[in-house]
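Fold and geometry: a report
Below are the chains, spelled out letter by letter.
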Amino acid sequence: MSQSIEVLNLRTQRDFQYVMKMESQMKSLRTTFRQIEDDRKAIMARNFKELQDKMDELQPLIPVLEQYKTDAKLISQFKEEIRNLSAVLTSIQEEIGAYDYDELYRRVVSLDSRLRNCMNKLTCGKLMKITGPTTIKTSGTRFGAWMTDPLASSKNNRVWYMDSYTNSKIVREYKSMADFVSGLESRTYYLPYKWAGTNHVVYNGSLYYNKEQSNIIVKYSFETGRVLAQRALEHAGFHNVYPYTWGGSSDIDLMADELGMWAVYATNQNAGNIVIAQLEPETLEVLRTWNTEYSKRNAGEAFMICGTLYITNSHMTGAKVYYSYNTKTSTYEYTDIPFHNQYFHMSMLDYNPRDRALYGWNNGHQVLFNVTLFHVIKTEDDS
């Protein structure tokens, strides 16, 4: 910036000389015009020629004057910028001088703790708005699932990727979101059974998925590479009996939220309408069920937030969250929460309570949606 200012100052001095010359010529012209006005009859051809020559000399000065004004403005802006930067640098220098590294680190840790305490005071919220999506990656077929573990520590950001909705056993793992985007795979798992659909969930280090052509849920440990539990969902439809609107053996949808693990499916006993089951993660035992009156075949996708099931009315463009069922009150309501189905076909939409975001598989694109929740702040008096 100092070099730029020096160049501009030199240019300005040069242009100022042109301006002084122009001022002298202007005075000369003024005298000449006065002589012409006093005695118009005495004007001779050489006077016109002299005037014309002077005008020709002045003509190149016009862009010089414009450049002069521009340079003067730039110099003023540079000086102001330098003053601002100097103030910022002085502030930073004073801040660094006031604290050593350990003290700064303690302040950062303290701030992080305070922020987390503030987040803990937020009770479960009600979905108000969905924004996005942000496209993380474009890969795979039209159908698939990708996910992170909502119970993982803040330092554990592993991503799991399961392409297709049928006839596959391969799960790919990435150590971080950055590795996932760049395609740097850290490990590959070969499941003992093929999966059905795209509605799997990773929870506390294990993968939960629907075994192909069955209503059996499988719990597979990534750490041991073994099946830890499996259990059939009683009366649950499977193999495209009660799928979402897009098909794809999406009969059984496994999900997790702030309150635990859930399964969403339909039964003949409930006339093909959605059933919500809360699961015990260790044994896969069904703790409780809720029967809704919303047809599973008319649902595009579904996800749980704070014990409330939210259902979209389509998997295509124009879809919106149309229906919600609150398991705390066993009540439902019709909603109107639109979201942008950017790539026209949604085959997976799951909420992650740690990220407070929706993970989606949007026609071969892995996307993230932000959610806006209406929260109630807990006070010390609240039980």
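Use the structure listed above.
The following refers to the structure shown. Since the structure is predicted, the reported quantities are computational estimates derived from the model, not experimental observations.

1. Some thoughts on the overall build of the protein
- On a plain count of helices and strands, the protein comes out with five helices and 20 strands.
- Looking at the 383 residues of the protein, the share that counts as buried comes to 42%.
- Sequence separation of at least 24 residues holds for 54% of the intrachain contacts in the protein that already meet a minimum separation of 6.
- When the accessible surface of the protein is split by element, carbon and sulfur atoms take 51% of a total near 21400 Å².

2. Section: unusual backbone geometry
- Cis rather than trans, the peptide bond between G132 and P133 has omega equal to 10 degrees.
- Assignment of secondary structure puts P133 in strand β1 (residues 126–138).
- Notably, L284 is not glycine yet its phi reads approximately 70 degrees, a positive angle.
- With respect to the helices, strands and loops of the structure, L284 is situated in the loop between β12 (273–279) and β13 (286–295).
- Phi is positive for R356, close to 50 degrees, though the residue is something other than glycine.
- Take R356: it is sitting in the loop between β18 (346–352) and β19 (357–362).

3. Quick word on the nonpolar core
- Membership of the largest hydrophobic core comes to 24 residues, with the highest contact counts inside it found for W146, V171, L191, L207 and F222.
- No other element matches strand β3 (residues 159–163), which puts four residues into this core.
- Leaving out residues up to four positions away in the same chain, L191 has contacts with M162, K169, V171, L207, Y209 and Y220.
- Counting 19 residues, the second largest nonpolar core, distinct from the first, contains L127, I130, F303 and Y343.

4. Some remarks on the sheet that holds strand β17 (residues 331–338)
- Strand order in the open sheet formed by four strands is β14-β15-β16-β17, and the pairing between neighbours is antiparallel. Only two strands of the sheet have a single neighbouring strand rather than two, namely β14 (302–305) and β17. The average angle at which neighbouring strand axes cross in this sheet is 25 degrees, direction not considered.

5. Some details on the environment of V241
- Looking at where V241 falls in the secondary structure, it is placed in the loop between β9 (227–232) and β10 (253–257).
- Judged by its relative accessible area of 37%, V241 is partly exposed.
- For V241 and T267, which are 26 residues apart along the polypeptide, the C-alpha to C-alpha distance reads 9.2 Å.
- Excluding residues within four positions of it along the chain, V241 makes contact with D251 and R297.

6. With respect to the side chain of N341
- Here N341 is to be found in the loop between β17 and β18.
- Excluding its chain neighbours within four sequence positions, the residues that come into contact with N341 are H315, M316, T317, M346 and N362.

7. Observations regarding the sheet that holds strand β20 (residues 365–374)
- Within the open sheet, the four strands sit side by side as β1-β20-β19-β18. Their pairing is antiparallel. The sheet is open, and its two edges are formed by β1 and β18, each paired on a single side. In this sheet, adjacent strand axes meet at a mean angle of 20 degrees when their direction is disregarded.
- In the sheet, β19 pairs with β20 via five bridges, with the strands oriented antiparallel. Directly across from W361, in β20, lies its bridge partner Q366.

8. As for the pairing of β9
- Direction of pairing for strand β8 (residues 216–221) relative to β9: antiparallel, over a ladder of five bridges. Across the sheet, Y220 pairs through a bridge with V227, a residue of β9.
- Linking two consecutive strands that pair antiparallel, namely β8 and β9, is a turn of five residues; a positive phi of about 70 degrees is found at G225 within it.

9. So, the pattern of salt bridges
- For the structure on display, the rule yields six salt bridges.
- Two residues, K126 and E333, come together in a salt bridge whose shortest N-O distance is 3.1 Å. Of this pair, K126 sits in strand β1 while E333 sits in strand β17, and the two are 207 residues apart along the sequence.
- For K126, a relative accessible area of 41% translates into the label partly exposed.
- Exposure remark for E333: the relative accessible area of 34% places this residue in the partly exposed category.

Rules used in this analysis
Residues numbered from 1 in each chain as written. Predicted model: local features only at pLDDT ≥ 70, side-chain atom pairs only at ≥ 80, totals over all residues. Heavy atoms only, no water. Helix = DSSP H or I, 4+ residues; strand = E, 2+ residues; numbered from the N terminus. Buried < 20%, exposed > 50% of the residue type's maximum accessible area, 1.4 Å probe, protein only. Contact = heavy atoms within 4.5 Å. Areas by Shrake-Rupley, 256 points an atom, 1.4 Å probe, with all protein chains shown as cover. Core = buried A, V, L, I, M, F, W, Y, C linked by side-chain atoms within 4.5 Å. Pairing = 2+ DSSP bridges. Axes fitted to C-alpha atoms, helices over the stretch in contact; angles between N-to-C directions. Salt bridge = Lys/Arg side-chain N within 4 Å of Asp/Glu carboxyl O.

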